[in-house]
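Summary of the model geometry
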Amino acid sequence: MKVVADLDKCQGHGLCRMSAPDVYDVTDDEGQVIVKFDGAIPEELEDAAALGVDSCPEIALSIQE
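Read on for an overview of the structure. All values reported here derive from a predicted model rather than from experimental measurement.

Side note on the overall build of the chain
In terms of regular secondary structure, the chain is built from two helices and four strands. Written out in order from the N terminus, the α and β elements of the chain read β-α-β-β-α-β. The globule rule puts the C-alpha radius of gyration for 65 residues at 11 Å, and the 10 Å found for the chain is close to it. Across its three principal directions, the C-alpha atoms of the chain cover 30 × 20 × 20 Å. Looking at the 65 residues of the chain, the share that counts as buried comes to 34%. The contacts in the chain between residues at least 6 apart in sequence include a share of 58% that link residues at least 24 apart. Surface accessibility of the chain: about 4100 Å² in total, with carbon and sulfur atoms responsible for 46%. If you average the places of the 4 positive and of the 15 negative side-chain charges in the chain, the two averages end up 2 Å apart.

Concerning the pattern of salt bridges
Two side chains bearing opposite charge may form a pair once their charged atoms approach each other closely. A full pass over the atoms with the stated rule returns one salt bridge. Of the charged contacts in the structure, one is a salt bridge between R17 and D25, with a shortest N-O distance of 3.5 Å. Given a relative accessible area of 37%, R17 falls into the partly exposed group. Since its relative accessible area comes to 29%, D25 is described here as partly exposed.

Section: the nonpolar core
Core analysis: the biggest nonpolar cluster contains 16 residues, and V3, V23, Y24, V33, I41, A49 and L61 have the highest contact counts within it. Ignoring anything within four residues of it in the chain, the contact list for V33 reads A5, L7, C10, C16, Y24, D25, V26 and L61.

Each value, and the rule that gives it
Counting from 1, residues in each chain are numbered in the order their sequence is written. Where totals are concerned, whole chains, interfaces and linings use all residues; where local detail is concerned, this predicted model gives features only for residues with pLDDT of at least 70, and gives and counts side-chain atom pairs only at 80 or more. Note that water and hydrogens are dropped before the side-chain values are worked out from all heavy atoms of the structure. Secondary structure counts use DSSP, requiring at least four H or I residues in a row for a helix and at least two E residues in a row for a strand, with both numbered from the N terminus. The size measure is the radius of gyration over C-alpha atoms, and the globule rule it meets is 2.2 Å times the number of residues to the 0.38 power. Note on classification: 1.4 Å probe, protein chains only; a residue is buried when its accessible area is under 20% of the maximum for its type, exposed when over 50%, partly exposed between these limits. Note on contacts: a residue pair is in contact if any heavy atoms of the two residues lie within 4.5 Å. Areas reported as accessible are Shrake-Rupley estimates using a 1.4 Å probe. Residue values count occlusion only from the protein chains shown. Asp and Glu are treated as the negative residues and Lys and Arg as the positive ones, with His and the ends of the chain left uncounted. One atom stands in for each charge, and that atom is NZ of Lys, CZ of Arg, CG of Asp or CD of Glu. A pairing counts as a salt bridge when a side-chain nitrogen of Lys or Arg comes within 4 Å of a carboxyl oxygen of Asp or Glu. In this description, a nonpolar core means a group of buried Ala, Val, Leu, Ile, Met, Phe, Trp, Tyr and Cys residues linked to one another through side-chain atoms lying within 4.5 Å.

Pasting the structure below:
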């Protein structure tokens, strides 16, 4: 599984990071999402990654299998 971020949609709420800090971070300046993994999310973090996707009110995150 891979998480894709649409930075045009991200408004910097930070709910993804609050939901899954091992998977997501945010930029210092605008608070936009940073996915900590360029490729596949480690299997043990897949549930956390999905929670972060589900928590985004702007639907700026999506999962690719």
